[in-house]
Amino acid sequence: MGAYARPGGVNGSFGPRPHRTAVALGAPPVPEYLADAFGRARGESSIGRPPESAAPASSEPPAQDPWRDPSAAAQLGPPAIATDEKEPVVRPPAERFTLRQALFDRRLRPSAIIGVLVSALVIGAVGAVIGVFAAGRLPAPVTDPSFELAPVSPGVTREPGSVAEIAAKVLPAVVSLEVRTGDVGETGSGVVIDGNGYILTNNHVVSTAATDPSASLTVIFDDGQQSRVPATIVGRDPLTDLAVLKVDVDNATVAQIGDSGALAVGDPVIAIGSPLGLAGTVTTGIVSAKDRPVRLQGGGSDTDAVIDAIQTDAAVNPGNSGGPLVDASGAVVGINSAIRTLGGDSSGSIGLGFAIPIDTAKSVAEQIIRSGSVQHSTIGVNARSATDGVTDGAQVQNVQAGGPAAAAGIAEGDVITKVGDRQVGNADELVVAVRQNPVGATVPVVLVRDGREMTVSVTLGSE
């Protein structure tokens, strides 16, 4: 009630209307403090200052008071330091004259002319020195309009039996092989061994074409036209990693067959083939070793062979397989078949290549061409490499019932150290020692049983 009730004497919603005076028009009154600051001084009727009274002239300047009244008005006077104004000097323009006037009208003194000539000579000499120095530093021009090559020297004279002569003789008889299954292809090499179109190569090169009906086998000749001819597999031998192909061609160049038994360690040899698909590749080396037992198996084929290999340091790489290894006369002494590598990513040649001796390859090829199959000698045992620290040999693990070894009285645990005239130092050497003898041959076998050496006669069977 005290906050919102009607005040006394008010009966309605609004109080009585206040009395208003008349509105005066005109400028508002000026506040007293503004009039005091900006108004006219008392007794003045205008805003201008009164005229200054003329002071009597005096010859002496009034004394200067070093202290100025801060409230005094500013006065104009002479500058603090008087300056002497000088008129600028206008120089006449230099006289111009020609070289003729300078020399003949004597406009220049002789000493000035001599100085100019000496200066020119000095500048020229300095420029010449700089040019000679820069010429030695800058590269010589790369073009010469008068350039001509030296006359061609006489051709190289090749002695009879040179590598170039041998290669030219053998290359026409070496072929490249291509096995293709769909979009996938494999390559290898081969050598023509007969004019009727027989080609000798490795089994592992053509095993895919023999086992996969969809695979195609093509022979590519090194005849300048790279003639491509389909081939047929006559037969193959996984136990020696050899195969024979047949192509329908006329007048094929045939390689000369040599004698691998006549090779000696250190004899020069040449490997020819298509490493990595590079047809007609020729590499040279020597015979590093003979009669080196090497086991060949795997590689995606059914090859399971032990070869009595020729070891060579001639570069042999994948694709050389099936190509010939020839001697210094150009005769084929081996069929390149394998290489030893460091493993991992190092799959190329390290100077350890192995070839099947041509004496073995020739016998196998003849059997395949005649009958389509090959017979190998066997002793009828399974063995592993063994040594007692003094004697190395092949220890018999099991004996085939009714086989040649069982008939000769060889028992499990016997250590075979010699077959015929060949020493046996491990299981692979036992295989090659037995296979170098014909089927049905009777050979002496030296073995150690219970610390005693004994010799038995074994008639070799066939496998």
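Provided above is the structure to which this section pertains.
Residues numbered from 1 in each chain as written. Predicted model: local features only at pLDDT ≥ 70, side-chain atom pairs only at ≥ 80, totals over all residues. Heavy atoms only, no water.

What is the right way to look at the overall build of the protein in this model?
The secondary structure content of the protein amounts to eight helices and 20 strands. The proportion of buried residues among the 463 residues of the protein is 32%. Sequence-distant contacts, at least 24 apart, represent 58% of the contacts inside the protein between residues at least 6 apart. Summed over its atoms, the accessible surface of the protein is roughly 31,000 Å², and 55% of this surface lies on carbon and sulfur atoms. (Helix = DSSP H or I, 4+ residues; strand = E, 2+ residues; numbered from the N terminus. Buried < 20%, exposed > 50% of the residue type's maximum accessible area, 1.4 Å probe, protein only. Contact = heavy atoms within 4.5 Å. Areas by Shrake-Rupley, 256 points an atom, 1.4 Å probe, with all protein chains shown as cover.)

So what exactly am I meant to see when it comes to the sheet that holds strand β5 (residues 228-237) here?
Hydrogen bonds along the backbone pair up the strands of a sheet, which may run parallel or antiparallel. Ordered by their spatial adjacency, six strands build a closed barrel running β1-β2-β3-β6-β5-β4, and the pairing between neighbours is antiparallel. Neighbour to neighbour, the strand axes of the sheet diverge by 40° on average, direction disregarded. Summarising the sheet, strand β1 (residues 174-181) and strand β4 (residues 216-221) pair through six bridges and their orientation is antiparallel. Within β4, the residue paired with R180 across the bridge is S216. Packed onto the sheet, helix α5 (residues 203-211) meets β1, β2 (184-192), β3 (198-201), β4, β5 and β6 (242-247) and runs at close to 100° relative to β5. (Pairing = 2+ DSSP bridges. Axes fitted to C-alpha atoms, helices over the stretch in contact; angles between N-to-C directions.)

Could you clarify how one ought to interpret unusual backbone geometry in this entry?
The phi torsion of most residues other than glycine is negative, and most of the peptide bonds are trans. The phi angle at D291 is positive, at roughly 50°, despite the residue not being glycine. With a relative accessible area of 45%, D291 lands in the partly exposed category. Of note in the backbone geometry, D450 takes a positive phi value of approximately 55° without being a glycine. Position of D450 among the secondary structure elements: in the loop between β18 (442-449) and β19 (452-459).

Any chance you could explain helix α4 (residues 163-170) here in plain terms?
An α-helical turn contains 3.6 residues, so a residue and the one three or four places further along point in the same direction. The complete set of buried residues in α4 reads I166, A167 and V170. For α4, the buried positions fall inside an angular range of 100° around the axis, keeping them on one side. (Arc of directions from axis to C-beta.)

Help me understand the nonpolar core, please; the structure alone is not making it clear to me.
The nonpolar side chains of a soluble globular protein tend to be buried, and buried together. One finds V191, L200, I307, V332, I335 and A361 to be the most contacted residues of the largest nonpolar core, which totals 32 residues. The element that contributes the greatest number of residues to this core is helix α6 (residues 358-371), accounting for five residues. Discounting residues that sit within four places of it in the chain, I307 has contacts with T240, R292, P293, V294, L296, I356 and V432. If you look at the next biggest cluster of nonpolar residues, it comprises 19 residues, including V175, V179, A209 and V247. (Core = buried A, V, L, I, M, F, W, Y, C linked by side-chain atoms within 4.5 Å.)

When you look at the environment of V364 in this model, what are you seeing that I'm missing?
The residue V364 is located in helix α6 in this model. Classification of V364 as buried rests on a relative accessible area of 4%. Ignoring anything within four residues of it in the chain, the contact list for V364 reads D237, T240, L242 and V374.

Explain the pairing of strand β9 (residues 304-312) here, please?
On a regular strand, each side chain points to the face opposite its neighbour's, so the side chains alternate between the two faces of the sheet. Of all nine residues making up β9, eight are buried, and the element is well covered by its neighbours. Of the strand pairs in this sheet, strand β8 (residues 281-297) and β9 are connected by eight bridges, and their pairing is antiparallel. By the bridge assignment for β9, P293 is matched with D308. Sheet analysis places β9 next to strand β12 (residues 353-357), joined by three bridges and oriented antiparallel. Bridge pairing links Q311 to F354 in β12.

How should the pattern of salt bridges be read in this particular structure?
If the charged atoms of two oppositely charged side chains come close together, the side chains can form a pair. Per the counting criterion, the structure on display carries eight salt bridges. Note that E178 is salt-bridged to R228, the shortest N-O span being 2.7 Å. Separated by 50 residues along the polypeptide, E178 in strand β1 and R228 in strand β5 bring together distant segments of the chain. Among the residues examined, E178 registers a relative accessible area of 16% and is labelled buried. Connected via shared salt-bridge partners are E178, R180 and R228. (Salt bridge = Lys/Arg side-chain N within 4 Å of Asp/Glu carboxyl O.)

Looking at this model, I keep getting lost on the pairing of β19. Mind explaining?
When β18 meets β19, the two strands line up antiparallel, connected through eight bridges. Along β19, the bridge assignment pairs V445 with V456. Adjacent in sequence and paired antiparallel, β18 and β19 are bridged by two residues, among which D450 carries a positive phi angle near 55°.

Is there a simple way to explain the layout of surface pockets in this structure?
Where empty space is left becomes clear once a probe the size of a water molecule has been rolled over the atoms. In this model, the largest pocket occupies a volume close to 630 Å³. D359, T360, S363, R435 and Q436 are the residues nearest the centre of the largest pocket, which is lined by 28 residues in total. Among the residues making up the lining of the largest pocket, the classes are represented as 12 nonpolar, 11 polar and five charged. (1 Å grid on protein atoms, 1.4 Å probe; cavity = no way out; pocket = protein on both sides within 12 Å on 5 of 7 lines; lining within 4 Å. Points joined across faces, edges and corners; volume = space filled by probe spheres on them. Nonpolar A, V, L, I, M, F, W, Y, C, P; charged D, E, K, R; others polar.)

Can you help me understand the sheet that holds strand β7 (residues 268-273) in this one?
Taken together, the six strands give a closed barrel; going around it, the order is β7-β8-β9-β12-β11-β10, and neighbouring strands pair in antiparallel fashion. Ignoring which end each strand starts from, the neighbouring axes of this sheet average 55° apart.

Would you explain the side chain of S301 in this entry?
Note that S301 resides in the loop between β8 and β9. In this structure S301 comes out as buried when scored by relative accessible area, which is 17%. A polar contact is formed between the side chain of S301 and the side chain of T303, at a distance of 3.3 Å. The contacts of S301, once residues within four sequence positions are left out, are H204 and S207. (Polar contact = N/O pair within 3.5 Å; in protein donor to acceptor, adjacent residues only side chain to side chain.)

For this particular structure, what's the right way to read α6?
Helix length check: α6 (14 residues) gives 20 Å between terminal C-alpha atoms against 20 Å at 1.5 Å per residue, within 8%. Restricting attention to buried positions, one finds in α6 the residues I358, A361, V364, A365 and I368. An end-on view of α6 places all buried positions within 125° of arc, on one side of the element. Relative to its buried face, α6 has exposed residues pointing more than 90 degrees away, namely R370 and S371. Check the buried side of α6 and you find it contacts β3, β5, β6, β11 (332-339) and β12. A positive phi of about 85° marks G372, the residue just after α6. (Expected span 1.5 Å × (residues − 1).)

Worth remembering: the numbers are spatial, not functional.
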